[in-house]
Amino acid sequence: SRPELEQRNRLVDLRELVPADQFEASRGYTELLEPLRLHRHRIFRALLCEDEALVACLAVFHPTPLTQDQRAILDGALPALQRRLNIERQIEAAPLVSAALDAVLEHIAAPAFVVSSTGRIFEVNDAGRTLLATRRAEISAAILAALAREATAINIEITPLDARGAPDHWLAVIRTRSADGRAAQAVARVAARLKLTRRQRDVLARVVTGETSATIA
């Protein structure tokens, strides 16, 4: 549902939206409000939306029109309710988002990391995990330098991640210029994904570099 722009995220009196005769002839009036003895109350409604989509509806029943102070209190609560609903939707979607992030990182054919402004690593793909196993201090220092836009011996591509309501994070991808370096990264990625033994990984690396079966054997 996509409410009209003037009805989104604001408190409105239903009597200002619907003529009295139409309202009193509606099923909601005759089958709900009258049996509950709420048909003489004033009804105030706020349609809470995220962009154009309706997320929730807040309804207030009051025997008399709201005072200016009462309306101000309810109007002030609407942004907090929107934030709460947004957090709940993010929590609900978190498992799917996490799985999608893992899949995306694994499809980057290079060591990739999701990092904070302090260089803390939150997510990493298999190629990056393999690199950290032997060069963590060097990689961590290079990521910090890249975030500070300082020169570093390791070519790291930094991309800001836009996450509303969350602290700043970046995607850091190590780009290797040489063909040998790219081949080594590809071997590390495949070895991590297939859980190859050290011997299997060595064989794969030699095949990638063009050695013959007889030489490898």
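Preceding this paragraph is the structure being described.
First, a word on what this report is: a plain description of the structure on this page.

Each value, and the rule that gives it
- Residues numbered from 1 in each chain as written.
- Predicted model: local features only at pLDDT ≥ 70, side-chain atom pairs only at ≥ 80, totals over all residues.
- Heavy atoms only, no water.
- Phe/Tyr/Trp six-rings, centres within 6.5 Å; stacked < 30°, edge-to-face > 60°.
- Buried < 20%, exposed > 50% of the residue type's maximum accessible area, 1.4 Å probe, protein only.
- Salt bridge = Lys/Arg side-chain N within 4 Å of Asp/Glu carboxyl O.
- Helix = DSSP H or I, 4+ residues; strand = E, 2+ residues; numbered from the N terminus.
- Pairing = 2+ DSSP bridges.
- Axes fitted to C-alpha atoms, helices over the stretch in contact; angles between N-to-C directions.
- Core = buried A, V, L, I, M, F, W, Y, C linked by side-chain atoms within 4.5 Å.
- Contact = heavy atoms within 4.5 Å.

**Comments concerning the packing of aromatic side chains**
Overall, the coordinates contain one aromatic pair when judged by the stated rule. Both rings, one in phenylalanine 23 and one in tyrosine 29, keep their centres 5.4 Å apart while their planes meet at 70°; by these two values the pair is edge-to-face. Given the relative accessible area of 4%, tyrosine 29 is considered buried.

**A short note on the pattern of salt bridges**
Taken as a whole and assessed by the stated rule, the structure comprises six salt bridges. The salt bridge partner of arginine 27 is glutamate 31, with a shortest N-O separation of 3.1 Å. Of this pair, arginine 27 and glutamate 31 both sit in helix 3 (residues 27–33), four residues apart, which is roughly one turn of that helix. The two residues arginine 27 and glutamate 31 agree in class, both being exposed.

**Focus on the sheet that holds strand 3 (residues 53–62)**
Reading across from one edge, 1-2-3 is the order of the three strands in this open sheet, with antiparallel pairing throughout. Because the sheet does not close on itself, it has two edges, and the strands there are strand 1 (11–13) and strand 3. Going from strand to strand, the sheet's axes swing by 25° on average, the running direction of each strand aside. Bridge analysis of strand 2 (residues 42–50) against strand 3 gives nine bridges, and the strand direction is antiparallel. Along strand 3, the bridge assignment pairs leucine 47 with cysteine 57.

**Some words on the nonpolar core**
Formed by 14 residues in total, the largest nonpolar core has its most connected members in Phe113, Ile139, Ile143, Ile154, Ile156 and Ile174. Of all elements in the fold, only strand 4 (112–116), helix 5 (126–147) and strand 7 (169–174) reach the threshold of two or more residues within this core. Element by element, the count of residues in this core is highest for helix 5, at seven residues. Apart from the residues lying within four places of it in its own chain, the contact partners of isoleucine 139 are Phe113, Leu131, Leu132, Ile154 and Ile174.

None of the figures reported here should be taken as evidence of function without further support.
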